[in-house]
Amino acid sequence: MSGTVSTTEVGAQSARSRALAVLRVRSRVMALALLPAAFAVVLVAARMTGRLAGESWATATLVLSAVAALVLLVAGVFGAVVLRAAPAVTPTVALAEAAAPDLYRMVRDLADRMKVPAPSAIALTPDCDSWLEDRTHAAHRKRGAAAGAREAPETAPGAAPVLVIGSPFLWWMRVAELRAVLAPVVAGTGPSAHPDIADARRFVRGLDAAADVGNRPGLGWIGRTARLLLRLCRTDAAEMERGVAAAASDRAQDVDYGLRIVAQEQVGLAYAGWDRLLTRVALPAWRMGRWPAHLDTGVVRALTELSRRDRLAEGFTSRLGERPACDLLEQPGVVDEAASLLAARLFHGGPAEVGPDWSPVEWAAYPEEVVDRKWRTEAARLHRSLDLLAGAAPQGVVTGDAVSGPTLERVLRYLASGGADDTAADTLAGRLSGDVAREERAVAERAGVGSGAGAGAAKARGADTVPLFPLQAPRSGRDLLADHVMAMVCCAAVDSAGGAPGLDWLDGPVLLVAGTRCADLAPPVLALVEDGDPAPLRGWLADLGVRPEKPVRLV
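Report on the accompanying structure.

1. Thoughts on the overall build of the chain
Link 1 in the chain: Summing up its helical and strand segments, the chain has 19 helices and nine strands in all.
Link 2 in the chain: Counting over 555 residues, the chain shows a buried share of 46%.
Link 3 in the chain: Long-range contacts, defined as pairs at least 24 residues apart, comprise 77% of the intrachain contacts of the chain with a sequence gap of at least 6.
Link 4 in the chain: On the chain, roughly 26,400 Å² of surface is accessible, and the fraction owed to carbon and sulfur atoms is 57%.

2. Quick notes on the environment of Leu-481
Link 1 in the chain: If you trace the backbone, Leu-481 turns up in helix H17 (residues 477-496).
Link 2 in the chain: Taking the relative accessible area as the measure of exposure, Leu-481 reaches 0% and is therefore buried.
Link 3 in the chain: Residues Leu-481 and Val-529, spaced 48 residues apart in sequence, show a C-alpha to C-alpha distance of 7.3 Å.
Link 4 in the chain: Not counting the four nearest positions on each side in its chain, Leu-481 is found in contact with Leu-382, Leu-415, Ala-425, Leu-428, Ala-429, Leu-432 and Val-529.

3. Here's the deal with unusual backbone geometry
Link 1 in the chain: At Lys-115, a residue that is not glycine, the phi angle is positive and equals roughly 55°.
Link 2 in the chain: Of note, Lys-115 is situated in the loop between helix H3 (101-114) and strand E2 (121-125).
Link 3 in the chain: Lys-115 sits in the exposed class, given a relative accessible area of 72%.
Link 4 in the chain: One non-glycine residue, Ala-514, lies in positive phi territory at about 55°.
Link 5 in the chain: Its location among the elements puts Ala-514 in the loop between strand E8 (508-513) and strand E9 (516-517).

4. Some thoughts on the environment of Glu-368
Link 1 in the chain: Structurally, Glu-368 can be placed in helix H13 (residues 366-389).
Link 2 in the chain: Separated by 133 residues in sequence, Glu-368 and Pro-501 place their C-alpha atoms 6.7 Å apart.
Link 3 in the chain: The contacts of Glu-368, once residues within four sequence positions are left out, are Arg-373 and Pro-501.

5. A look at the nonpolar core
Link 1 in the chain: Counting 114 residues, the largest nonpolar core has Leu-103, Leu-178, Trp-286 and Leu-481 as the members making the most contacts within it.
Link 2 in the chain: The contact partners of Leu-103, leaving out residues within four places of it in the chain, are Leu-95, Ile-122, Ile-165, Leu-178, Leu-328 and Leu-329.
Link 3 in the chain: Core analysis: the next-biggest nonpolar cluster, separate from the first, contains 25 residues, Ala-19, Val-81, Val-82 and Ala-237 among them.

6. What to know about a nonpolar patch on the surface
Link 1 in the chain: Taken together, the side chains of Leu-70, Leu-73, Val-74 and Val-77 make up a nonpolar region of the molecular surface, amounting to roughly 340 Å² of accessible area.
Link 2 in the chain: You can see Val-74 is positioned in helix H2 (residues 55-84).
Link 3 in the chain: The class of Val-74 is partly exposed, set by a relative accessible area of 36%.

7. As for the sheet that holds strand E4 (residues 162-166)
Link 1 in the chain: Overall, mixed pairing links the four strands, which are arranged E1-E2-E4-E3 in an open sheet. In this open sheet, the two strands that pair with only one neighbour each are strand E1 (93-95) and strand E3 (131-133). The sheet shows a mean angle of 35° between the axes of neighbouring strands, direction not considered.
Link 2 in the chain: Two elements, E2 and E4, share five bridges in a ladder whose sense is parallel. Pairing of Thr-125 across the sheet is with Gly-166, part of E4.
Link 3 in the chain: Helix H6 (residues 175-187) rests against E3 and E4 of the sheet, and its axis sits at about 145° to E4.

8. As for a positive patch on the surface
Link 1 in the chain: A contiguous patch of positive charge, built from Arg-224, Arg-227, Arg-231 and Arg-234, is present on the exposed surface.
Link 2 in the chain: Following the sequence through the fold, Arg-231 ends up in helix H9 (residues 220-251).
Link 3 in the chain: Note on Arg-231: relative accessible area 48%, which makes it partly exposed.

9. Topic: the side chain of Arg-478
Link 1 in the chain: Structurally, Arg-478 can be placed in helix H17.
Link 2 in the chain: Polar side-chain contacts of Arg-478 include one of 3.3 Å to the backbone oxygen of Val-529.

10. As for empty space enclosed by the protein
Link 1 in the chain: Applying the stated criterion across every chain, the model contains one cavity of 30 Å³ or more.
Link 2 in the chain: What the largest cavity holds in volume is close to 30 Å³.
Link 3 in the chain: Taken together, Tyr-104, Val-107, Arg-108, Ala-118, Pro-119, Ala-121 and Ile-122 make up the full set of residues lining the largest cavity.
Link 4 in the chain: Elements with a contribution of two residues or more to the lining of the largest cavity: H3 and E2.
Link 5 in the chain: Per element, the largest residue contribution to the lining of the largest cavity is three residues, and it comes from H3.
Link 6 in the chain: Of the residues assigned to the lining of the largest cavity, the class counts are six nonpolar, no polar and one charged.

11. Details of the environment of Ala-492
Link 1 in the chain: Looking at where Ala-492 falls in the secondary structure, it is placed in helix H17.
Link 2 in the chain: For the pair Ala-492 and Val-546, spaced 54 residues apart in the sequence, the C-alpha separation amounts to 6.6 Å.
Link 3 in the chain: For Ala-492, the contacting residues outside a window of four places in its chain are Leu-408, Ala-497, Val-546 and Val-552.

12. Observations concerning the packing of aromatic side chains
Both the distance between ring centres and the angle between the ring planes are used here to describe each pair of aromatic rings.
Link 1 in the chain: In this structure the tally under the stated criterion is two aromatic pairs.
Link 2 in the chain: With a centroid separation of 5.9 Å and 45° between ring planes, the pair formed by Trp-363 and Tyr-366 is classed as tilted.
Link 3 in the chain: Owing to a relative accessible area of 9%, Trp-363 belongs among the buried residues under this scheme.
Link 4 in the chain: Here a set of aromatic residues connected by ring pairs shows up, and it is made of Trp-363, Tyr-366 and Trp-505.

13. Side note on the packing of helix H11 (residues 295-309) against helix H12 (residues 332-348)
Link 1 in the chain: It is at 7 Å that the axes of H11 and H12 come closest, and there the two elements cross at 90°. With respect to H12, the element H11 is oriented roughly perpendicular. Contacts between H11 and H12 pair Leu-295, Asp-296 and Thr-297 from the former with Asp-336, Ala-339, Ser-340 and Ala-343 from the latter.
Link 2 in the chain: Here the residues of the contact of H11 with H12 are counted per class, giving three nonpolar, two polar and two charged.

Rules behind the numbers
- In this numbering scheme, every chain counts its residues from 1 along its sequence in written order.
- Owing to the predicted nature of the model, reporting of local features is limited to residues with pLDDT of at least 70; listing and counting of side-chain atom pairs is limited to 80 or more, with chain, interface and lining totals taken over all residues.
- Excluding hydrogens and water, the side-chain values take into account all heavy atoms of the structure.
- Where helices and strands are cited, they refer to DSSP runs of H or I of at least four residues and of E of at least two residues respectively, numbered from the N terminus.
- The buried label applies to any residue whose accessible area, calculated with a 1.4 Å probe on protein chains only, is under 20% of its type's maximum; exposed applies above 50%, and partly exposed to all values in between.
- Note on definitions: a residue-residue contact is assigned when non-hydrogen atoms from the two residues lie within 4.5 Å.
- Under the convention used here, a 1.4 Å probe and the Shrake-Rupley method define accessible areas, while residue burial counts only the protein chains that appear.
- Among buried residues, the Ala, Val, Leu, Ile, Met, Phe, Trp, Tyr and Cys ones that are joined through side-chain atoms within 4.5 Å form a nonpolar core.
- Patch rule: a residue counts if its relative accessible area is over 30% and it has no salt bridge; like charges are joined within 9 Å, and nonpolar side chains (Val, Leu, Ile, Met, Phe, Trp, Tyr) within 5 Å.
- By salt bridge we mean one thing: a side-chain nitrogen of Lys or Arg within 4 Å of a carboxyl oxygen of Asp or Glu.
- Two strands make a pair as long as DSSP finds a minimum of two bridges between them.
- In this analysis, axes come from line fits to C-alpha atoms, helices being fitted only over the stretch in contact, and the angle between any two N-to-C directions falls in the range 0 to 180 degrees.
- Positive charge is attributed to Lys and Arg, negative charge to Asp and Glu, and no charge count is given to His or to the chain ends.
- By convention, the charge on Lys lies at NZ, on Arg at CZ, on Asp at CG and on Glu at CD.
- As used in this structure description, the phrase polar contact means that two N or O atoms lie within 3.5 Å; if the pair is within protein, one of them must be able to donate a hydrogen and the other to accept it, and residues adjacent in sequence are counted only when both atoms belong to side chains.
- Think of a 1 Å grid over just the protein atoms. A cavity is a set of points where a 1.4 Å probe fits yet cannot get out, a pocket is an open set with protein on both sides within 12 Å along at least five of seven lines, and lining residues have an atom within 4 Å of a point.
- Grid points are joined across faces, edges and corners, and a volume is the space filled by probe spheres set on the points.
- For this scheme, ten residues count as nonpolar: Ala, Val, Leu, Ile, Met, Phe, Trp, Tyr, Cys and Pro. Four count as charged, namely Asp, Glu, Lys and Arg, and the remainder, Gly too, count as polar.
- Working definition: a ring pair exists when centres of Phe, Tyr or Trp rings (six-membered ring for Trp) sit within 6.5 Å. Plane angles under 30 degrees give stacked, over 60 give edge-to-face, the rest tilted.
- The labels follow the angle: roughly parallel below 35 degrees, roughly antiparallel above 145, roughly perpendicular from 65 to 115, and oblique for the rest.

Written out as structure tokens, the structure reads:
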């Protein structure tokens with residue numbers, strides 16, 4: 001023997017030792033639950049052999065036997081919950097082998113080269129991450145049977161984990177880059193197959209699921225016990241996962257290591273572009289009841305635009321001539337649409353299916369069907385709020401009703417009348433906040449989704465609660481007011497100065513005048529909203545030839 005130990009072996013040994021430490025926690029708890037029963041058996045045996053005589057020993061034996069039975073009953077109930085509670089599963093888009101034979105072939109080739117089991121299936125997630133997920137719990141098989149589906153291979157007992165891939169990677173990365181990035185993830189199936197590590201993971205997942213079950217009425221003791229055990233094994237479980245990751249990373253060293261360093265830069269770039277696309281482009285559409293049907297295609301355009309603007313990303317677009325990883329799919333458009341619908345559900349809480357109030361929108365139609373409609377909807381809401389405030393205007397505040405119709409002039413006069421004390425702006429912002437909150441609640445109730453409000457949300461638990469990852473905190477009243485005033489300005493520019501709605505891949509809805517984006521609108525709008533000073537905005541309108549006294553078209 002050489003006397004040297006590879007990093008792979010060190011990581012695997014560390015993971016196994018930590019897994020045994022987790023299992024020792026389970027063993028100690030079981031021993032503690034059996035301890036009263038053991039004492040009771042000793043007392044009963046002593047009584048039967050005549051070694052312990054007297055009424056006091058008879059009473060002690062009876063009491064201890066009752067305590068032992070109660071402890072065993074409680075432990076049995078808790079153990080049954082840990083074994084049967086369904087662990088959380090990340091919502092994903094299932095990708096059958098027939099839909100991506102080349103991708104399955106690439107993953108199996110990776111597994112063969114690293115001498116590890118191949119993942120049992122592949123799924124996609126609308127996020128910039130990849131991982132292995134075990135789905136062999138009996139609850140997953142029951143869920144599939146309840147849905148009328150044939151038993152999936154990934155849910156069979158002893159099956160390898162499912163490889164979950166971030167869908168933006170497939171569209172932005174090239175085939176060789178995706179292969180390099182997935183190598184350490186696929187290598188994780190090796191340590192995962194070890195019985196001790198698999199058993200420890202099942203125990204931790206069972207405790208986590210039991211803690212969630214403990215949130216139900218009358219089962220609080222189960223939740224408290226599960227959380228206590230999770231705290232006891234938290235450090236060892238975390239170190240076990242680090243050992244597994246270290247072993248997998250070292251095993252993948254010989255597979256495209258040099259390319260992986262370059263590909264990791266693409267991971268960071270993809271995350272930045274995906275975040276901007278969701279928050280600036282997709283979120284306005286979701287709020288309008290529309291969901292962009294090809295988000296993954298959009299992230300390529302967003303990242304290409306980012307590369308053009310950001311000199312730190314220069315040179316990345318030169319890769320676009322190589323074969324994209326989405327070519328490994330048989331029908332990229334269908335997969336992109338499914339991932340886009342799931343993204344809307346996870347990040348916004350939209351319905352799981354298409355409906356009258358929840359329809360897809362293509363990128364070519366986005367400016368007209370989303371941007372223009374968004375502006376005119378917000379302009380209409382702004383004027384409805386002004387109408388409601390007309391009968392209860394603060395002393396000294398002009399409502400603007402002397403100006404007929406839904407005009408920008410009416411908004412300018414109202415906000416300017418408040419002056420530096422912001423009386424008018426605060427009043428209008430409060431009214432808008434209430435209106436927006438009521439509309440969002442009504443939409444959530446119609447859609448029947450657990451968006452965090454109403455009775456539907458109280459029933460949603462774990463992965464059933466949507467949105468799982470809200471993109472933005474609730475907007476303040478002043479932010480809403482600024483958005484509505486900006487929408488009113490854009491409507492006026494479109495109706496009286498030849499402007500047009502547009503889409504910027506990094507910034508979302510924009511106003512185009514003569515084909516050029518107007519990037520200097522925010523400062524004068526904020527001066528009006530924050531300071532009650534209409535002069536900068538009036539100057540901006542005059543430069544573009546916008547007529548504030550002309551009524552705009554509302555939805």
